Amino acid sequence: MAENCSRKLYVEICNAKNLMPKDGQGTASAYVVVDFDGQRRRTQTKSRDLNPQWDEKLEFLVHDVASMPSQVLQIIVYNDKMSGKRSTFLGKVKISGTTFPKTGSETLVYYPLEKRSVFSQIKGEIGLKVWFVDEEPVPPPPPTEGDKKVEAATETKAEEKKPDEAKTVEEEKKTEEVKKEDAGAETKEAIKPEEDKVEEAAAVATTTTKPVPVPVVENPPVAEKPKPEEKTVTEKRVNLNVTDLELRRLGSDRGRTAYDLVDPMPFLFVRVLKAKRGDKDQADTCVYAKLVIGTHSINTRKQTDNKDWDQVFAFDKEGLNSTSLEVSVCVEKKGAEDSLIESSLGTVSFDLLEVPKRVPPDSPLAPQWYTLDGGSLESATDVMLAVWIGTQVDEAFQEAWQSDSGGLVPETRAKVYLSPKLWYLRLTVIQAQDLQLGDIKVKNLDLYVKAQLGPQIFKTSRATVSSSSSSSNPTWNEDLVFVAAEPFEPFLVINVEDLSNGRTVGQAKVQMSSIDRRNDDKSEARSRWFNLVGDETRPYTGRVHVRVCLEGGYHVLDEAAHVTSDVRPTAKQLSKPPIGLLEVGIRGATNLLPVKTADGTRGTTDAYVVAKYGPKWIRTRTILDRFNPQWNEQYTWDVYDPCTVLTIGVFDNGRYKRGGEQGKPGKDVRLGKLRVRLSTLDANRVYTGSYYLTVLLPGGAKKMGEIEIAVKFSCSSWLCLIQAYASPMLPRMHYVRPLGPSQQDILRHTAMRIVTARLSRSEPALGQEVVQFMLDSDTHMWSMRRSKANWFRVAGCLSRAATLARWVDGIRTWVHPPTTILVHVLLVAIVLCPHLVLPTIFMYAFLVITLRFRYRQRVPITMDPRLSHVEAVGLDELDEEFDGFPTTRTPDQVRIRYDRLRALAGRAQTLLGDVAAQGERLEALFNWRDPRATGIFVVVCLLASLVFYVVPFKAFVLGSGFYYLRHPRFRYDMPSVPVNFFRRLPTLSDQIL
């Protein structure tokens, strides 16, 4: 088994930090045991050290490369007691095989030690490096002349022994009995080595468990069973230890995944393989096959020299208008004056009612030879083809010519796209030394560093140096963060610029392949010096000291924060295994509106669907010229976090050009968008429904039709799903070394532009307008409609508090006397039994929320036009929202919008002033700004201290409550004394110009 392995896994145990002392003396003697695929390795013991350093590399064999993603690497840290007693547990780490990187991509990662049970006392972390190496099998050496002579002599002896090999039946039976006895003896002798192996494994684990008893079998039937080696291999292949969810994930989106969320669509499949001609005149001819079904007619490729076609055609059965299929073989040859002459060699017909049906996993239908009718007997032509009725699940469907999507046009085919892998590149500019500034007339120079990665340019602040010295050493110590996408740009360019003279002092280039990678903040990237190069006359102009690294511990945000679909860190080693599977069935659409014209008069729509979740984008095939298209395509995604959002968009294909159309491809027109938050879905339940497609146009909101989808979120472990709600939303680096809000916005928009540019260069291209619409790249732009929608959202949240305030005011004013009396009784109970306040509140919350479970939203809400405030928006506000940046409107329109914005800003300005005034009044009360008011407050505080010293606190609370709930006949219409006193305190508003 080991000899046939082509992959090895290496685990380097580097160190551990802050281990739990377990030896009773404040220390621990730690060692590590690593298990993988039935193999166990152990490190040395580091005596009395809570921060041990091992730096040991362990090697494991990967027996099955295909099943490595389902394997788990387990690292357990023990405390060696050195006295023969059982080792104590210090923590464990489990790493999924899906996170193992290839050699060259390994980095030091610190994993927190996990508990074995709830009552375990564990702390600390362990630093590991994990990677695998693929090794090519060594080819056997060529046989030498001596080996050839030995083989020839062996063959000669075997031929001489052939006449003596005839034996009687009795002699053969005796020989078999002797072999059985020898095999039985060997089996008994082999029991002892197996016991030794068990004892050795127990010693490695340093446990005191009882040894596993080895059963002794008397007279084992060894000869009746296969060899032990073959038996071991067979058992290894059968016991795959793969869950149902992992098996579904291993299958591709279109191959092994069951199409249980969509309806089967019948297609007529015709596979034309080749033709065999009987005529002798085959020179300078092109042969092709022609398929005719009613009004549908399609030709295969034109081939010469008897080449095979091997093409598959898929006809939508619902669109067929005939019950017969005719396949003809035609010949095209050159005639007089280079004219083309076409002739038919014959035709074969099929009755569609008698065509066989095929449903996977049935094997593909074997093609057969058919003799064409209509040709001469002497020159009969045969064609090899296969005809069957299948569905969109058929493996031949994806590469076939499809009648409902324009055939083999790349722009209409279904595709799966992947966003580029994004990294944060951190450039720390420390200082520059020995700058050769030359003859400068200015006394002081303002120097800064400008770094460029592709189109991204960032600058440091200015450092002022004196030009009197021949060389200068400015210092910055600033971080510049870029977004880098794989494959990386070749160089990171660093320029030292002089702002005073507007010239470049020198330039340095850093190769992206030489930049270090780190996954956390514990390991600092190494600093490096780079020589600065000027023009041809100045080969050396100084050097710059920088620290540059690729940050793998962050998640690069490439979409709006409120609709994020992936929060995993960039480094593969830090990613956790998936907690579930998301299945989406794109069923169809109904009542789509025409968005363009065909043939100059008739309206039409060529619709397709794009869905995005995480880095994976899917695009369905384009259904041409239908207002009720049916896709019935199903896709799957791995789910790593339940609090993420699936985005689905419907578009009209503007890049597909029909037969006679010319010119540049147009842009795809958006028809609508849906979003589904996974946390609102019940696990293992299928949600099927139709949803309105609403698109916002300059003329207002418009319903473009309905889309029918089916969504299912399958959860593999409820425990992992619950733990996900307690884990941070973003990776650890976002909290340990956070990025500023403005910096995050800049990096987010940069990442959006990179993803848009990469996907638009795919084949077929996913248009820039499509990617921007899916990513909501314009959410940062000003919109009066969005501002109103957000204001009403805030008002909706505050309305609950307003309702509660009105309820309290109704009790206070005795609107319903029985309720007010009950509140008095409740107040007395709270004052007399304060320890029951919190239990009562939480029990009330439990009962109310539990009763509301019956009225929960059972259908996931996708897009809400009322909440988006699209029904009461003006045309001028919409025109402002669709206006680009900078504006392209006339000065009069811009002036009107500016005046309107000034009016809104004036209201906000007044509101901010009122809020600031309340805080200034409170501050003035303690700063003696109004001496009389502060003196009155001081006297009241002195009297209150004496009163509270004499009066019990419960009596004060009870009296205050009764006073607040007193009957209206004992109330006054004027404001209370404390309110009047607070409003008379001074503010700083009178000091503002």
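Worth saying up front: this structure is predicted, and the values here are computed from it rather than measured.

Regarding the overall build of the chain
Okay, step 1: A count of helical and extended segments in the chain gives 18 helices and 40 strands.
Okay, step 2: Counting across all 993 residues of the chain, residues that qualify as buried make up 38%.
Okay, step 3: Put simply, of all contacts in the chain between residues at least 6 apart along the chain, 68% involve residues at least 24 apart.

Describing the packing of helix H8 (residues 741–760) against helix H9 (residues 768–775)
Okay, step 1: Here H8 crosses H9 at 140°, and the two axes come no closer than 9 Å. Crossing hand, H8 versus H9: right-handed. Contacts between H8 and H9 pair Met752, Val755, Thr756, Leu759 and Ser760 from the former with Gln768, Val771, Gln772 and Leu775 from the latter.
Okay, step 2: Grouping the amino acids of the contact of H8 with H9 by side-chain chemistry returns five nonpolar, four polar and no charged.

So, a nonpolar patch on the surface
Okay, step 1: Taken together, the side chains of Val947, Phe948, Tyr949, Val950, Val951, Phe953 and Phe956 make up a nonpolar region of the molecular surface, amounting to roughly 770 Å² of accessible area.
Okay, step 2: Listed by contribution, the elements that provide at least two residues to the nonpolar patch are helix H16 (931–950) and helix H17 (953–964).
Okay, step 3: Tallying contributions element by element places H16 first for the nonpolar patch, with four residues.
Okay, step 4: By the secondary structure assignment, Val951 is in the loop between H16 and H17.

Structural notes on the UniProt feature "transmembrane region" (unreviewed entry) in the chain
Okay, step 1: Under the UniProt annotation, "transmembrane region" (unreviewed entry) lies at residues 821–849 and 936–965.
Okay, step 2: In the segment residues 821–849, helix accounts for 86% and strand for 0%; the C-alpha atoms at its two ends are 26 Å apart.
Okay, step 3: A helix fraction of 90% and a strand fraction of 0% characterise residues 936–965, whose end C-alpha atoms lie 27 Å from each other.

What to know about the sheet that holds strand E11 (residues 296–299)
Okay, step 1: Across the sheet, which stays open at both edges, the four strands sit in the order E11-E10-E13-E14 with antiparallel pairing between neighbours. Strands at the two margins of the open sheet, each flanked by one partner only, are E11 and strand E14 (340–351). For this sheet the average axis-to-axis angle between neighbouring strands, irrespective of direction, equals 20°.

Side note on unusual backbone geometry
Okay, step 1: Here the residue pair Glu486 and Pro487 is connected by a cis peptide bond, since its omega of -10° sits within 30 degrees of zero.
Okay, step 2: Along the chain, Pro487 turns up in the loop between strand E25 (475–485) and strand E26 (491–498).
Okay, step 3: Looking along the chain, the bond that leaves Glu763 and enters Pro764 is cis, with omega of 0°.
Okay, step 4: Position of Pro764 among the secondary structure elements: in the loop between H8 and H9.
Okay, step 5: Even without being a glycine, Asn477 presents a positive backbone phi close to 55°.
Okay, step 6: Relative to the helices and strands, Asn477 resides in strand E25.

What about the nonpolar core?
Okay, step 1: Within the largest apolar cluster, 37 residues are counted, with the highest numbers of intra-cluster contacts made by Leu582, Trp637, Leu646, Ile648, Ile707 and Ile709.
Okay, step 2: For this core, the secondary-structure elements that each account for two or more residues are strand E31 (580–590), strand E34 (607–613), strand E36 (630–639), strand E37 (645–652), strand E38 (669–677), strand E39 (686–697), strand E40 (700–715) and helix H6 (718–726).
Okay, step 3: Sorting elements by how many residues they give to this core places E40 first, with six residues.
Okay, step 4: With near-sequence residues (within four places) excluded, Leu646 lies in contact with Leu582, Val584, Lys612, Tyr613, Leu674, Arg675, Val676 and Leu678.
Okay, step 5: Judged by nonpolar contacts, the second largest core, of 35 residues, contains Val34, Leu58, Val93 and Leu128.

Some thoughts on the packing of aromatic side chains
Okay, step 1: Summed over the entire model, instances satisfying the criterion amount to 18 aromatic pairs.
Okay, step 2: A ring pair is formed by Phe267 and Phe269, whose centres lie 6.3 Å apart and whose planes are at 50°; its orientation type is tilted. Each of the two residues, Phe267 as well as Phe269, counts as buried.
Okay, step 3: Linked through ring pairs, Phe267, Phe269, Trp388 and Phe397 together constitute an aromatic cluster.
Okay, step 4: Of note, Arg543 hangs over the ring of Trp529, and the distance from its end group to the ring centre comes to 3.9 Å.
Okay, step 5: Over the ring of Tyr640 we find Arg568, and its NZ or CZ is 4.0 Å from the ring centre.

Points about the packing of helix H15 (residues 891–926) against H16
Okay, step 1: Closest axis-to-axis distance for the H15/H16 pair is 8 Å, and the angle between their directions is 70°. The orientation of H15 with respect to H16, classified from their angle, is roughly perpendicular. On the side of H15, the interface is formed by Ala924, Leu925 and Phe926, while H16 contributes Ala933, Thr934 and Phe937.
Okay, step 2: When the residues that make up the contact of H15 with H16 are grouped by side-chain class, the tally is five nonpolar, one polar and no charged.

Here's the deal with the pattern of salt bridges
Okay, step 1: For the structure shown, the criterion picks out 43 salt bridges.
Okay, step 2: One salt bridge connects Glu125 with Lys522, and the closest N-O pair in it is separated by 3.6 Å. With a gap of 397 residues between them, Glu125 in strand E8 (residues 125–134) and Lys522 in the loop between strand E28 (516–518) and strand E29 (527–531) connect regions that are remote in the sequence.
Okay, step 3: Residue class for Lys522 comes out partly exposed when judged on its relative accessible area of 29%.

Points about the pairing of strand E19 (residues 422–433)
Okay, step 1: By the criterion of burial, E19 is predominantly enclosed, with eleven of the twelve residues buried.
Okay, step 2: The pairing of E19 with E25 spans nine bridges and is classified as antiparallel. Paired with Leu425 across the two strands is Phe482, which belongs to E25.
Okay, step 3: Relative to strand E30 (residues 543–551), E19 is paired through nine bridges, and the arrangement is antiparallel. Bridge assignment links Leu425 to a residue of E30, and that residue is Leu550.

Focus on the sheet that holds strand E3 (residues 39–42)
Okay, step 1: Taken in spatial order, the four strands make up an open sheet running E3-E2-E5-E6, and their pairing is antiparallel. Each having just a single partner strand, E3 and strand E6 (88–96) make up the two edges of the open sheet. Taking each pair of neighbouring strands and ignoring which way they run, the sheet shows an average axis angle of 20°.
Okay, step 2: The sheet contact formed by strand E5 (residues 72–79) and E6 spans eight bridges and is antiparallel. Counted as the bridge partner of Tyr78 is Phe89 from E6.

Quick notes on the rules
Residues numbered from 1 in each chain as written. Predicted model: local features only at pLDDT ≥ 70, side-chain atom pairs only at ≥ 80, totals over all residues. Heavy atoms only, no water. Helix = DSSP H or I, 4+ residues; strand = E, 2+ residues; numbered from the N terminus. Buried < 20%, exposed > 50% of the residue type's maximum accessible area, 1.4 Å probe, protein only. Contact = heavy atoms within 4.5 Å. Axes fitted to C-alpha atoms, helices over the stretch in contact; angles between N-to-C directions. Left-handed = near helix turned anticlockwise from the far one by under 90°. Nonpolar A, V, L, I, M, F, W, Y, C, P; charged D, E, K, R; others polar. Patch = residues over 30% accessible without salt bridge, like charges linked within 9 Å, V, L, I, M, F, W, Y side chains within 5 Å. Areas by Shrake-Rupley, 256 points an atom, 1.4 Å probe, with all protein chains shown as cover. Salt bridge = Lys/Arg side-chain N within 4 Å of Asp/Glu carboxyl O. UniProt positions renumbered as here; feature names shortened; annotations may be inferred. Pairing = 2+ DSSP bridges. Core = buried A, V, L, I, M, F, W, Y, C linked by side-chain atoms within 4.5 Å. Phe/Tyr/Trp six-rings, centres within 6.5 Å; stacked < 30°, edge-to-face > 60°. Lys NZ or Arg CZ within 6 Å of the ring centre and 35° of its normal. Parallel < 35°, antiparallel > 145°, perpendicular 65-115°, else oblique.

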